[in-house]
Amino acid sequence: MIPMRIPSLLVLCGILGSLPPIGCSAIVAADPVQCTSDSECTARGPDFQGTGCALAGPNKGFCVENRSASVGECTTNADCVDLTGPGSVCTVDAAQPRCVPLLGDDCPLTYGNPFVENTVTFALLGDFTANDPGRGRDLGNFEAASLALSEFQQQSSFALAGNRRIALVGCSQARPKATTARLAAAGIKAILGPSDPAKLVRVVEQSGAFGIPVFATSAAQNTAVSVPGGTSAVFLTGSSQDGVVAGINGVLSDLSGTVRAARNRGFVRVAVLVDGSLEAYAPVLREKLIFNGKTALQNQADASCANCYTAVSLTRDGAPIAPSEIAASLAEFKADIVIPLSEGGFGNYLARVEALPAPAVPPYYLAPFIDVEDASYHVELASHSTLQSRVIGFRPLRQESAYASFESRYRSFAAAEAGPGPMPSLQNVRIYEATQLAIYSTFMASRGGANGRFEGAQVAAAVPLVTAPGAETIDVGPLGIPNAVGALARTGKMNLNGLFTSFMFLPNRSAANAWEVWCMDGSGRYGATKRTMTVTGEWTGVPAVCGAAQ
């Protein structure tokens, strides 16, 4: 293997015709690094055609003639410790394995040991480094994915073909394309997340070329959008913004009729409060929120009801606005119905607003739980009986016993030594479910390759086998694992069922949520009514309005 270390030449020649003939001097500067990829070698000109970039060994960083000798540089992770130092893995499933760094400053977290030989590795992208803005939020996602993996590790009935293990790495989403490219080169089999919708699109665009599936909870402004490059590689779950607004419209329709009758007029005035990342809903609500027979935008311009829609931000220049100022705005607007879209803590805010002088006709509050069930309601509103009767909301319909079991396991798994762990958010639940889906798909992919060898494309191809309509239904969670193994062994397929409605995975589509309406009892607890919205958008049960009409 002869490295093509062709130096650069700076030629100093006399100007022809103006000076006597002289020789040309050459200042030679050898390139310290010629390349990091094969394409950089071929781009260097004709002399480099047919060469490739050595990624390890004594010629690392140089274009070499015998590419195969460098690409097939390892057979085990131990070889990579000798060639490139710690932190790299051997891509043993590739046709010509190479040593590629797996962990780095952008990938600081691990669950399981990705350096055990033949380990299959997943990556979860989110805010995980010290400077990432959403680190506290996304650490909960890492806990959820790790919990799912731990439950498989504890099951003696479950094993990938070839007795391969699974490990998880947590990586920052700060540079989504660069991190995805490095992880793909390291041979990861699936990507979970990231939590940022815009960065998710860039991850999908980058991973699609490698056939690596992305299991995530949203995409851009709407999970139903098409993602470039993700035709066969991305599987999205969770409600789209359109789906959430459709749920709000259903509850708003019930509530509007009650309020119009109680106040003896033909219209209602609606105010939306938006907070944090949920401000992305504002443009969707303007166009698709329906009341008084019109869109919110049309209501906002309707002089006949004195412009009966407004949207109010709970922050200004990144800082919270005082509750008294918000309350004054709502009183001046004369809101009949207030829709708070808050990331959490709204119950605390609402109690402080209600402690202020109330308007002559106090508003109803329609509170959707999009991500987190706001525990502050329980604490703050127990003594506000008149307010409790004016709070009505909705949340994704869930399997109560299965969800209660998951919540208990999650809190124990994420617990600090001093007390119980945190409540899981809806996004944590979705990451848990998506991790189980990825593991089952990997299980099927491993059964199809020699000695359990497979690539990410085989994981993507196996997803329909574990979400097959009509097959045996298997609930997510540890109790479902032995049942799933049995079903897959007997028929080669199953139908994975989530904690929040069933999985209905298609490329570039969301799994629609069913919704349930809830009211608050005297102790501040949420109680589901019999009013539900199916995944097809149909409402069933008697229209529910909490308390007496006012």
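Caption draft 1: Representation of the overall build of the chain within the structure. When you go through the chain residue by residue, the secondary structure sums to 17 helices and 26 strands. Counting every position in the chain, which comprises 550 residues, the buried fraction comes to 51%. For the chain, contacts bridging at least 24 residues in sequence account for 65% of all contacts bridging at least 6.

Caption draft 2: Representation of the packing of helix 14 (residues 400–413) against helix 15 (residues 426–447) in the model. Contact geometry of helix 14 with helix 15 gives a least axis separation of 12 Å together with a crossing angle of 95°. Considered as vectors, helix 14 and helix 15 are oriented roughly perpendicular to each other. For the pair helix 14 and helix 15, contact is made by Tyr403, Phe406, Arg409 and Tyr410 and by Asn428, Val429 and Tyr432, respectively. Here the contact of helix 14 with helix 15 is built from residues that sort into five nonpolar, one polar and one charged.

Caption draft 3: Highlighting unusual backbone geometry. Here Gly193 and Pro194 are connected by a cis peptide whose omega angle stands at 5°. The residue Pro194 is located in the loop between strand 10 (190–192) and helix 6 (197–207) in this model. For Ala306, which is not glycine, the phi torsion reads 60° and is therefore positive. Non-glycine residue Asn307 carries a positive phi angle of around 55°. Looking at the element boundaries, Asn307 is found in the loop between helix 9 (296–300) and strand 16 (309–313). Its relative accessible area of 37% is what places Asn307 among the partly exposed residues.

Caption draft 4: Geometry of the side chain of Lys199. Residue position: Lys199 is located in helix 6. When sequence neighbours within four positions are dropped, the list of residues in contact with Lys199 reads Gln173, Ala174, Pro176 and Pro194.

Caption draft 5: Representation of the nonpolar core. Core analysis: the largest hydrophobic core is formed by 53 residues, its most contacted members being Phe215, Tyr440 and Met494. The dominant element in this core, judged by the number of residues it contributes, is helix 15, at twelve residues. The contacts of Tyr440, once residues within four sequence positions are left out, are Phe152, Val466, Gly480, Ile481, Ala484, Leu488, Met494 and Leu496.

Caption draft 6: Looking closely at the packing of helix 4 (residues 135–153) against helix 14. With their axes 10 Å apart at the nearest point, helix 4 and helix 14 run at an angle of 105° to one another. As judged from the angle between their axes, helix 4 and helix 14 are roughly perpendicular. Only Phe406, Arg409, Tyr410 and Phe413 of helix 14 make contact with helix 4, whose side of the interface consists of Gly140, Glu143, Ala144, Ser146, Leu147, Ser150 and Glu151. When the residues that make up the contact of helix 4 with helix 14 are grouped by side-chain class, the tally is five nonpolar, three polar and three charged.

Caption draft 7: Main features of the sheet that holds strand 9 (residues 166–172). What the six strands build is an open sheet, ordered 7-9-8-10-11-12; its pairing is mixed. Here the strands that pair on one side only, and so sit at the sheet edges, are strand 7 (109–111) and strand 12 (234–236). Taking each pair of neighbouring strands and ignoring which way they run, the sheet shows an average axis angle of 20°. Summarising the sheet, strand 8 (residues 120–126) and strand 10 pair through three bridges and their orientation is parallel. Bridge pairing links Ala123 to Ile191 in strand 10. Most of the contacts of helix 5 (residues 176–185) go to strand 9, to which it runs at about 155°, and overall it touches strand 8, strand 9 and strand 10.

Caption draft 8: Looking closely at the packing of aromatic side chains. Enumeration over the complete set of coordinates arrives at eleven aromatic pairs. An angle of 20° between the planes, with centres 4.9 Å apart, marks the rings of Phe369 and Trp518 as stacked. Taken as a pair, Phe369 in the loop between strand 20 (364–368) and helix 12 (376–380) and Trp518 in strand 24 (residues 515–520) lie far apart in primary sequence, 149 residues in all. Since its relative accessible area comes to 5%, Phe369 is described here as buried. Summarising the aromatic geometry, the rings of Phe394 and Trp515 are spaced 4.7 Å apart at their centres and angled 75° between planes, so their arrangement reads as edge-to-face. Here Trp515 lies in strand 24 and Phe394 lies in strand 21 (residues 391–396), a separation of 121 residues in the sequence. On the accessibility criterion, Phe394 (0% relative accessible area) is buried.

Caption draft 9: Highlighting the sheet that holds strand 20. A sheet is described by the order of its strands in space; here eight strands give the open sequence 16-13-19-20-21-24-25-26, paired in mixed fashion. A strand with exactly one partner marks an edge of an open sheet, and here the two such strands are strand 16 and strand 26 (539–540). Note that strand 19 (residues 337–341) and strand 20 share two bridges and pair parallel. Note on strand 20: the bridge partner recorded for Ile337 is Tyr364. Of the strands in this sheet, strand 13 (270–274), strand 16 and strand 19 are in contact with helix 10 (residues 323–333), which crosses strand 13 at around 160°.

Caption draft 10: Broad picture of the pairing of strand 21. Judged by how many residues are buried, strand 21 sits mostly within the fold: six of six residues are covered. As judged from the five bridges shared by strand 21 and strand 24, these two strands associate in the antiparallel manner. Within the sheet, the bridge partner assigned to Phe394 lies in strand 24 and is Val517.

Caption draft 11: Geometry of the state of the cysteines. A complete count under the given rule lists four disulfides for this structure. With its sulfur 2.2 Å from that of its partner, Cys80 forms a disulfide with Cys99. Around the S-S axis, the bridge from Cys80 to Cys99 shows a dihedral of about -90° and counts as left-handed. Of this pair, Cys80 sits in helix 3 (residues 77–84) while Cys99 sits in strand 6 (residues 99–101), placing them 19 residues apart in sequence.

Calculation notes
- Residues numbered from 1 in each chain as written.
- Predicted model: local features only at pLDDT ≥ 70, side-chain atom pairs only at ≥ 80, totals over all residues.
- Heavy atoms only, no water.
- Helix = DSSP H or I, 4+ residues; strand = E, 2+ residues; numbered from the N terminus.
- Buried < 20%, exposed > 50% of the residue type's maximum accessible area, 1.4 Å probe, protein only.
- Contact = heavy atoms within 4.5 Å.
- Axes fitted to C-alpha atoms, helices over the stretch in contact; angles between N-to-C directions.
- Parallel < 35°, antiparallel > 145°, perpendicular 65-115°, else oblique.
- Nonpolar A, V, L, I, M, F, W, Y, C, P; charged D, E, K, R; others polar.
- Core = buried A, V, L, I, M, F, W, Y, C linked by side-chain atoms within 4.5 Å.
- Pairing = 2+ DSSP bridges.
- Phe/Tyr/Trp six-rings, centres within 6.5 Å; stacked < 30°, edge-to-face > 60°.
- Disulfide = S-S within 2.5 Å.

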